[in-house]
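Residues per chain, in single letters:
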Amino acid sequence: MTTTTPAPIPAPTTNGRVIALAHYAGRALLEGVLARHGATFHQSVTIRTLVVAGESMDRDELVAEVDGYLKIGEPVVRGVVEELTAAKLLEGDPAQASRLRLTDAGRKLHDTTGAETAEISARLYAGIPAEDLAVAGRVLELITERANAELAGA
(Lines give C-alpha, C1' and ligand atoms only; values in the text may rest on other atoms or scores of the structure.)
Protein backbone atom coordinates (compact mmCIF):
# COMPACT_ATOMS: atom_id res chain seq x y z
CA MET A 1 0.00 0.00 0.00
CA THR A 2 1.40 3.36 -1.03
CA THR A 3 0.70 6.38 1.08
CA THR A 4 0.95 9.86 -0.23
CA THR A 5 1.60 12.93 1.77
CA PRO A 6 -1.16 15.46 1.29
CA ALA A 7 -0.14 18.70 -0.33
CA PRO A 8 0.43 21.47 2.20
CA ILE A 9 -2.42 23.88 2.59
CA PRO A 10 -1.30 27.29 1.29
CA ALA A 11 -1.16 30.13 3.78
CA PRO A 12 -4.14 32.44 3.47
CA THR A 13 -3.67 35.61 1.50
CA THR A 14 -4.16 38.77 3.50
CA ASN A 15 -7.61 40.04 2.64
CA GLY A 16 -10.57 41.65 4.34
CA ARG A 17 -11.86 38.36 5.71
CA VAL A 18 -8.53 37.35 7.27
CA ILE A 19 -8.08 40.81 8.78
CA ALA A 20 -11.65 40.89 10.10
CA LEU A 21 -11.37 37.42 11.66
CA ALA A 22 -8.17 38.40 13.46
CA HIS A 23 -9.73 41.68 14.61
CA TYR A 24 -12.90 40.09 15.95
CA ALA A 25 -11.05 37.24 17.69
CA GLY A 26 -8.76 39.72 19.42
CA ARG A 27 -11.63 42.08 20.18
CA ALA A 28 -13.63 39.26 21.78
CA LEU A 29 -10.70 38.59 24.11
CA LEU A 30 -10.41 42.29 24.95
CA GLU A 31 -14.15 42.62 25.53
CA GLY A 32 -14.00 39.69 27.95
CA VAL A 33 -11.39 41.55 30.00
CA LEU A 34 -13.32 44.82 29.80
CA ALA A 35 -16.63 43.20 30.79
CA ARG A 36 -15.05 41.85 33.98
CA HIS A 37 -14.29 45.47 34.88
CA GLY A 38 -17.64 46.91 33.79
CA ALA A 39 -16.31 48.66 30.69
CA THR A 40 -17.06 48.51 26.98
CA PHE A 41 -14.82 48.49 23.92
CA HIS A 42 -15.85 52.05 22.96
CA GLN A 43 -15.12 53.26 26.49
CA SER A 44 -11.72 51.58 26.41
CA VAL A 45 -10.79 53.24 23.11
CA THR A 46 -11.88 56.61 24.48
CA ILE A 47 -9.85 56.21 27.67
CA ARG A 48 -6.81 55.00 25.72
CA THR A 49 -7.06 58.04 23.44
CA LEU A 50 -6.85 60.27 26.50
CA VAL A 51 -3.92 58.30 27.93
CA VAL A 52 -1.98 58.62 24.67
CA ALA A 53 -2.75 62.36 24.59
CA GLY A 54 -1.32 62.85 28.08
CA GLU A 55 -4.54 62.22 30.05
CA SER A 56 -6.16 65.55 29.14
CA MET A 57 -7.74 66.66 25.89
CA ASP A 58 -10.22 69.12 24.42
CA ARG A 59 -13.66 67.47 24.46
CA ASP A 60 -14.39 68.11 20.76
CA GLU A 61 -10.92 66.92 19.77
CA LEU A 62 -11.40 63.74 21.81
CA VAL A 63 -14.77 63.08 20.19
CA ALA A 64 -13.39 63.66 16.68
CA GLU A 65 -10.34 61.47 17.28
CA VAL A 66 -12.33 58.55 18.73
CA ASP A 67 -14.84 58.82 15.90
CA GLY A 68 -11.93 58.77 13.47
CA TYR A 69 -10.77 55.48 15.00
CA LEU A 70 -14.13 53.76 15.46
CA LYS A 71 -16.25 55.27 12.65
CA ILE A 72 -19.35 55.20 14.87
CA GLY A 73 -20.48 58.83 14.55
CA GLU A 74 -19.80 61.78 16.79
CA PRO A 75 -23.18 61.57 18.60
CA VAL A 76 -22.37 58.00 19.67
CA VAL A 77 -18.90 59.03 20.85
CA ARG A 78 -20.40 61.94 22.80
CA GLY A 79 -22.66 59.39 24.50
CA VAL A 80 -19.61 57.29 25.41
CA VAL A 81 -17.92 60.37 26.86
CA GLU A 82 -21.04 61.07 28.93
CA GLU A 83 -21.07 57.44 30.17
CA LEU A 84 -17.45 57.75 31.24
CA THR A 85 -18.10 61.07 32.92
CA ALA A 86 -21.16 59.70 34.76
CA ALA A 87 -19.07 56.72 35.89
CA LYS A 88 -16.45 59.19 37.19
CA LEU A 89 -13.75 57.80 34.90
CA LEU A 90 -13.46 61.17 33.12
CA GLU A 91 -14.02 64.66 34.45
CA GLY A 92 -13.91 68.21 33.29
CA ASP A 93 -10.57 69.92 33.70
CA PRO A 94 -11.07 72.71 36.26
CA ALA A 95 -8.30 74.76 34.61
CA GLN A 96 -10.03 74.70 31.21
CA ALA A 97 -13.74 73.95 30.86
CA SER A 98 -13.47 72.64 27.28
CA ARG A 99 -11.01 69.90 28.31
CA LEU A 100 -11.59 66.46 29.77
CA ARG A 101 -9.15 64.48 31.84
CA LEU A 102 -8.88 61.02 33.32
CA THR A 103 -9.76 60.56 36.96
CA ASP A 104 -7.77 58.28 39.22
CA ALA A 105 -10.46 55.63 38.67
CA GLY A 106 -10.15 56.01 34.89
CA ARG A 107 -6.37 55.65 35.08
CA LYS A 108 -6.73 52.57 37.30
CA LEU A 109 -9.19 50.98 34.86
CA HIS A 110 -6.81 51.63 31.97
CA ASP A 111 -3.82 50.25 33.88
CA THR A 112 -5.66 47.15 35.10
CA THR A 113 -7.22 46.20 31.77
CA GLY A 114 -4.00 47.09 29.98
CA ALA A 115 -2.01 44.70 32.15
CA GLU A 116 -4.51 41.89 31.61
CA THR A 117 -4.63 42.38 27.85
CA ALA A 118 -0.84 42.65 27.66
CA GLU A 119 -0.65 39.08 28.98
CA ILE A 120 -3.10 37.92 26.32
CA SER A 121 -1.23 39.81 23.60
CA ALA A 122 2.05 38.23 24.67
CA ARG A 123 0.50 34.79 24.15
CA LEU A 124 -1.04 35.75 20.79
CA TYR A 125 2.17 37.20 19.36
CA ALA A 126 4.55 34.64 20.91
CA GLY A 127 6.89 33.08 18.39
CA ILE A 128 6.01 35.38 15.51
CA PRO A 129 9.26 36.78 14.11
CA ALA A 130 9.72 40.53 14.56
CA GLU A 131 10.21 41.00 10.83
CA ASP A 132 6.84 39.33 10.12
CA LEU A 133 5.16 41.61 12.63
CA ALA A 134 6.82 44.64 11.03
CA VAL A 135 5.58 43.64 7.56
CA ALA A 136 2.08 42.99 8.88
CA GLY A 137 2.10 46.36 10.62
CA ARG A 138 3.14 48.19 7.46
CA VAL A 139 0.51 46.40 5.37
CA LEU A 140 -2.28 47.07 7.87
CA GLU A 141 -1.32 50.76 8.16
CA LEU A 142 -1.44 51.09 4.37
CA ILE A 143 -4.84 49.39 4.19
CA THR A 144 -6.12 51.67 6.97
CA GLU A 145 -4.85 54.78 5.16
CA ARG A 146 -6.51 53.69 1.92
CA ALA A 147 -9.79 52.84 3.62
CA ASN A 148 -9.80 56.20 5.40
CA ALA A 149 -9.14 57.95 2.07
CA GLU A 150 -12.07 56.06 0.52
CA LEU A 151 -14.29 57.10 3.42
CA ALA A 152 -13.19 60.72 3.10
CA GLY A 153 -14.08 60.65 -0.59
CA ALA A 154 -17.47 59.03 -0.04
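Just above sits the structure.
For every chain, the first residue of its written sequence is number 1, and the numbers climb from 1 along that sequence. Predicted model: local features are reported for residues with pLDDT of at least 70 only, side-chain atom pairs are reported and counted for 80 or more only, and whole-chain, interface and lining totals are derived from all residues. Excluding hydrogens and water, the side-chain figures rest on all heavy atoms present in the structure.

A.B. asks: Teacher, can you tell me more about unusual backbone geometry here?
C.D. replies: Across residues other than glycine, the phi torsion is negative in most instances, and most of the peptide bonds are trans. Phi at Lys-71 takes a positive value of approximately 55°, unusual for a residue other than glycine. Secondary structure counts use DSSP, requiring at least four H or I residues in a row for a helix and at least two E residues in a row for a strand, with both numbered from the N terminus. On the secondary structure map, Lys-71 appears in the loop between α3 (59-70) and α4 (74-86). Backbone geometry places Lys-88, a non-glycine residue, at a positive phi of 60°.

A.B. asks: Hey, could you run me through the pattern of salt bridges in this one?
C.D. replies: For side chains bearing opposite charge, pairing can occur when the charged atoms are close. We define a salt bridge as a contact between a side-chain nitrogen of Lys or Arg and a carboxyl oxygen of Asp or Glu at a distance within 4 Å. This structure, assessed with the given rule, holds 7 salt bridges. With its nearest N and O atoms 3.0 Å apart, the salt bridge here joins Arg-36 to Glu-116. Of the two residues, Arg-36 is situated in helix α1 (residues 16-36) and Glu-116 in helix α5 (residues 104-125); the sequence distance between them amounts to 80 residues. When salt bridges that share partners are traced, they join Glu-55, Asp-104 and Arg-107 into one network.

A.B. asks: Teacher, can you tell me more about the sheet that holds strand β1 (residues 56-58) here?
C.D. replies: Sheet strands line up and pair through hydrogen bonds in the backbone, either parallel or antiparallel. The antiparallel open sheet is built from 3 strands, whose spatial order is β1-β3-β2. Where the open sheet ends on each side, the last strands, each with one partner, are β1 and β2 (90-93). Sheet twist, expressed as the mean angle between neighbouring strand axes with direction ignored, is 35°. The pairing criterion is simple: DSSP has to find at least two bridges between the two strands. Relative to strand β3 (residues 96-102), β1 runs antiparallel, the two being bridged by 3 bridges. Looking across to β3, one finds that Met-57 is bridged to Leu-100. In what follows, a contact means two residues having at least one pair of non-hydrogen atoms within 4.5 Å. Axis lines are fitted to C-alpha atoms, over the contacting stretch for helices. Their N-to-C directions set the angle, which ranges from 0 to 180 degrees. Here α3 sits on the sheet in contact with β1 and β3, set at roughly 90° to β1.

A.B. asks: Is there a simple way to explain α4 in this structure?
C.D. replies: Given a helix with a known number of residues, its expected span is that number minus one, times 1.5 Å. End to end, α4 covers 18 Å across 13 residues, agreeing with the expected 18 Å (1.5 Å per residue, within 8%). Check the buried side of α4 and you find it contacts α2 (41-52), α3, β2 and β3. Backbone geometry just downstream of α4 places Lys-88 in the positive-phi region, at approximately 60°.

A.B. asks: Just to check I follow, could you spell out the nonpolar core for this structure?
C.D. replies: Nonpolar side chains tend toward joint burial in soluble globular proteins. Definition used in this section: a nonpolar core is a set of buried Ala, Val, Leu, Ile, Met, Phe, Trp, Tyr and Cys residues joined via side-chain atoms within 4.5 Å. The rule is simple: take the accessible area with a 1.4 Å probe, protein chains only, and divide by the maximum for that residue type; under 20% is buried, over 50% is exposed, in between is partly exposed. Core analysis: the largest hydrophobic core is formed by 20 residues, its most contacted members being Ile-47, Leu-50, Leu-62, Val-66, Val-81, Leu-84 and Leu-90. Elements that contribute at least two residues to this core include exactly α2, α3, α4 and β3. Each residue touching Val-81, except ones within four places of it in the same chain, is listed here: Thr-46, Arg-59, Leu-62, Val-63, Leu-90 and Leu-100.

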